[in-house]
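Spelled out, the chains give:
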Amino acid sequence: MADLKINLAGIESPNPFWLASAPPTNSGYQVQRAFEAGWGGAVWKTLGDPILNVSSRFAAVSFNGQRVAGFNNIELITDRPLEVNLKEIYETKKRFPNHVIVASLMVEPKQEKWHEIVKRVEEVGVDGLELNFGCPHGMAERGMGSASGQVPSLVERQTYWVKEVAKTPVIVKLTPNITDITATAEAAVKGGADAVSMINTINSLMGVDLDTWNTIPHVAGKGAHGGYCGPAVKPIALNMVAECARHPRINVPISGIGGISNWQDAAEFLLMGATGVQVCTAAMHHGFRIVEDMIDGLNNYLDSKGIASVRDIIGKSVPRYSDWGDLDLNYKIVARINTETCINCNKCHIACEDTSHQCIDMLRDASGKGFLRVREEDCVGCNLCSIVCPVDGAISMVELPSEIAPMTWNERQAALGALSDCETNIVK
């Protein structure tokens, strides 16, 4: 079996699977149950001045038969006294000394407030701190959460204040509700962050009830924007992790969050630069024991690849992630239809004819039986036909050999610029 132990900014964990700061980590009872199930760590539900929550708080979107494809909440940080949380953190850490407990923190953007809560929390033996600069609702209206997280100077300043007194590693949790997450990640690093975590939830309105016209969820007929998470946000989160992982000035570990539902998702985040992952929605949907499948699946995957440690795959796909201008314009793939597997549902033909490049022909053989064929000379390799095809293996995307040397858009523009300079010099 592979070694699943990780070290995130000095925080050692028995495996890369942590529960994110959220309802599943609201109490010692829950976190202890999670550790018994096999989770390597937990980020305690955000601590600060206790608030009042509303009812109701959650909503979900289902898609094509999948329950909880996306999840929305308007719940805020802990509504329990700080003293109670600290007591339970102490008891939980004492019972599970080899598991990670990171305290998520959120207070007003004042130096003395940060100093006070950091000192109190570290006294009970946490392994690290996570600064919540991501919550998009409720707390943001009070100048905290994403209200701070959207301003790089505030992220840097508050991180610095925490680092002035912190004795444990400091992780900065970033909001995705921003044009460029690398700007705030770099600000966190400038402030002294030992690691960053991303993403927090995305601003969202889940829906409207067409019978009552109330928002979903609603509180006595009134609604508000909330935080969106779950499987549907994974591509957004993965991109933001990748952008930070390849940024030369964001040279700290990343804790990946956002839509991670199984071991495959976790492996993708690790390959794209995350040192470990945090999970919330999947645990809320299926319970704590899903971590057993995650651990077994990741172990089996690493064993099948002959990889001894999970640490050996961290960031391995980052060099393959680039900008559009660095992609080879002369690389060519085309679609090919396996007529023996194809069920002639014609979805590929309809998709190509109506919304792509009209390169799939409907033909008949000598016996009069219909079949589909791609005109490869007109196919642009867009992948749409293989995406809409309901039968695995019926359509393959095949690489064609090219006699033309690879050339990217950036290389092309540079060559045209050099040619233009040369012509200008000839005219002179």
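Reference entry: report on the structure contained in this document. (Residues numbered from 1 in each chain as written. Predicted model: local features only at pLDDT ≥ 70, side-chain atom pairs only at ≥ 80, totals over all residues. Heavy atoms only, no water.)

Moving on to unusual backbone geometry. Geometrically, the link from methionine 198 to isoleucine 199 is a cis peptide bond, its omega value of 10° lying close to zero. Cis rather than trans, the peptide bond between isoleucine 216 and proline 217 has omega equal to -10°. Its place among the elements puts proline 217 in the loop between strand 13 (215-216) and strand 14 (226-229). Despite not being glycine, asparagine 64 shows a phi value in the positive range, around 55°. As for its position among the elements, asparagine 64 is in the loop between strand 5 (58-63) and strand 6 (66-73). Accessibility expressed as a relative area gives 74% for asparagine 64, which makes it exposed. The phi torsion at glutamine 358 lies on the positive side, around 50°, for a residue other than glycine. Mapping glutamine 358 onto the fold places it in the loop between helix 11 (347-355) and strand 18 (360-364). (Helix = DSSP H or I, 4+ residues; strand = E, 2+ residues; numbered from the N terminus. Buried < 20%, exposed > 50% of the residue type's maximum accessible area, 1.4 Å probe, protein only.)

The next subject is the sheet that holds strand 14. The 4 strands are arranged 5-6-14-11 in an open sheet whose pairing can be described as antiparallel. Only two strands of the sheet have a single neighbouring strand rather than two, namely strand 5 and strand 11 (202-204). Within this sheet the neighbouring strands show an average axis-to-axis angle of 40°, counted without direction. Here strand 11 runs beside strand 14; their pairing, made up of 3 bridges, is antiparallel. Looking across to strand 14, one finds that isoleucine 202 is bridged to tyrosine 228. (Pairing = 2+ DSSP bridges. Axes fitted to C-alpha atoms, helices over the stretch in contact; angles between N-to-C directions.)

This part takes up a nonpolar patch on the surface. Together, Leu205, Val208, Leu210 and Trp213 line one region of the surface with nonpolar side chains, adding up to about 530 Å² of accessible area. Inspection of the secondary structure puts tryptophan 213 in the loop between strand 12 (207-208) and strand 13. Residue tryptophan 213 is classed as exposed on the basis of its relative accessible area, which comes to 70%. (Patch = residues over 30% accessible without salt bridge, like charges linked within 9 Å, V, L, I, M, F, W, Y side chains within 5 Å. Areas by Shrake-Rupley, 256 points an atom, 1.4 Å probe, with all protein chains shown as cover. Salt bridge = Lys/Arg side-chain N within 4 Å of Asp/Glu carboxyl O.)

Within the secondary structure layout, glycine 40 lies in the loop between helix 1 (28-37) and strand 4 (41-47). Under the relative-accessibility criterion, glycine 40 is labelled buried at 0%. C-alpha separation for the pair glycine 40 and serine 13, spaced 27 residues apart in sequence, amounts to 5.7 Å.

Within the sequence span of helix 1, burial applies to Gly28, Val31, Gln32, Ala34, Phe35 and Ala37. One or two steps after helix 1, the chain reaches glycine 38, where phi turns positive at roughly 125°.

Packed helix pairs are specified by the crossing angle of their axes together with the interaxial distance, meaning the distance between the axes. Running from N to C, helix 7 (residues 234-245) and helix 8 (residues 263-271) cross one another at 25°; their axes reach a closest spacing of 9 Å. In terms of orientation, helix 7 and helix 8 fall into the roughly parallel class. Contacts between helix 7 and helix 8 involve Lys234, Ala237, Leu238 and Val241 from the first element and Asp265, Glu268 and Phe269 from the second. Considering only residue class, the contact of helix 7 with helix 8 consists of 4 nonpolar, no polar and 3 charged. (Parallel < 35°, antiparallel > 145°, perpendicular 65-115°, else oblique. Contact = heavy atoms within 4.5 Å. Nonpolar A, V, L, I, M, F, W, Y, C, P; charged D, E, K, R; others polar.)

For the rest of this paragraph, the subject is the sheet that holds strand 10 (residues 195-198). Strand order around the closed barrel formed by 8 strands is 3-4-7-8-9-10-15-16, with parallel pairing between neighbours. Recorded for the sheet is a direction-independent mean angle of 25° between the axes of neighbouring strands. In the packing of helix 6 (residues 181-190) onto the sheet, the strands contacted are strand 9 (170-174) and strand 10, and the crossing angle to strand 9 comes to about 160°.

Below, the discussion takes up the environment of serine 153. Within the element layout of this structure, serine 153 appears in helix 5 (residues 152-165). Taking the relative accessible area as the measure of exposure, serine 153 reaches 40% and is therefore partly exposed. In the structure, serine 153 is positioned 226 residues away from cysteine 379 in sequence and 49 Å away in space, judged by C-alpha atoms.

With that out of the way, let us pick up the side chain of threonine 78. Looking at the secondary structure, you find threonine 78 in the loop between strand 6 and helix 2 (82-95). One polar contact links threonine 78 to asparagine 85, side chain to side chain, over a distance of 3.2 Å. Ignoring sequence-local partners within four residues, the contact set of threonine 78 consists of Asn26, Lys45, Thr46, Leu47, Gly48, Pro50, Ile51 and Asn85. (Polar contact = N/O pair within 3.5 Å; in protein donor to acceptor, adjacent residues only side chain to side chain.)

Attention shifts here to the nonpolar core. Within the largest apolar cluster, 82 residues are counted, with the highest numbers of intra-cluster contacts made by Trp39, Leu47, Leu129 and Met198. Apart from the residues lying within four places of it in its own chain, the contact partners of leucine 129 are Val102, Ala103, Leu105, Val118, Val121, Glu122, Val162, Ala166, Thr168, Pro169, Val170 and Ile171. If you look at the next biggest cluster of nonpolar residues, it comprises 15 residues, including Ile337, Cys342, Cys352 and Val374. (Core = buried A, V, L, I, M, F, W, Y, C linked by side-chain atoms within 4.5 Å.)

With 5 bridges connecting them, strand 18 and strand 19 (residues 370-374) associate as antiparallel partners. Each bridged residue has a counterpart across the sheet, and for leucine 363 the counterpart in strand 19 is phenylalanine 371. Hairpin connection, strand 18 to strand 19: the antiparallel pair is bridged by 5 residues, and glycine 368 has positive phi, about 95°.

What follows is about the pattern of salt bridges. For the coordinates displayed, the defined rule picks out 21 salt bridges. Linking aspartate 3 and lysine 5 is a salt bridge whose minimum nitrogen-to-oxygen distance equals 3.2 Å. Close ionic contact of arginine 289 with glutamate 292 constitutes a salt bridge, the shortest N to O distance being 2.3 Å. On the basis of relative accessibility, which here comes to 30%, the residue glutamate 292 falls in the partly exposed class. Connected through salt bridges with shared partners, the residues Asp3, Lys5 and Arg311 form a single ionic network.

For the structure on display, the rule yields 4 aromatic pairs. Taking the centre distance of 6.0 Å and the plane angle of 75° together, the rings of tryptophan 114 and phenylalanine 133 count as edge-to-face. Taken together, the residues span a long stretch of sequence, with tryptophan 114 in helix 3 (residues 111-122) and phenylalanine 133 in strand 8 (residues 128-133) at a distance of 19 residues. Both residues of the pair, tryptophan 114 and phenylalanine 133, count as buried. Judged by centre distance (5.3 Å) and plane angle (35°), the ring pair of tryptophan 263 and tyrosine 301 falls under tilted. (Phe/Tyr/Trp six-rings, centres within 6.5 Å; stacked < 30°, edge-to-face > 60°.)

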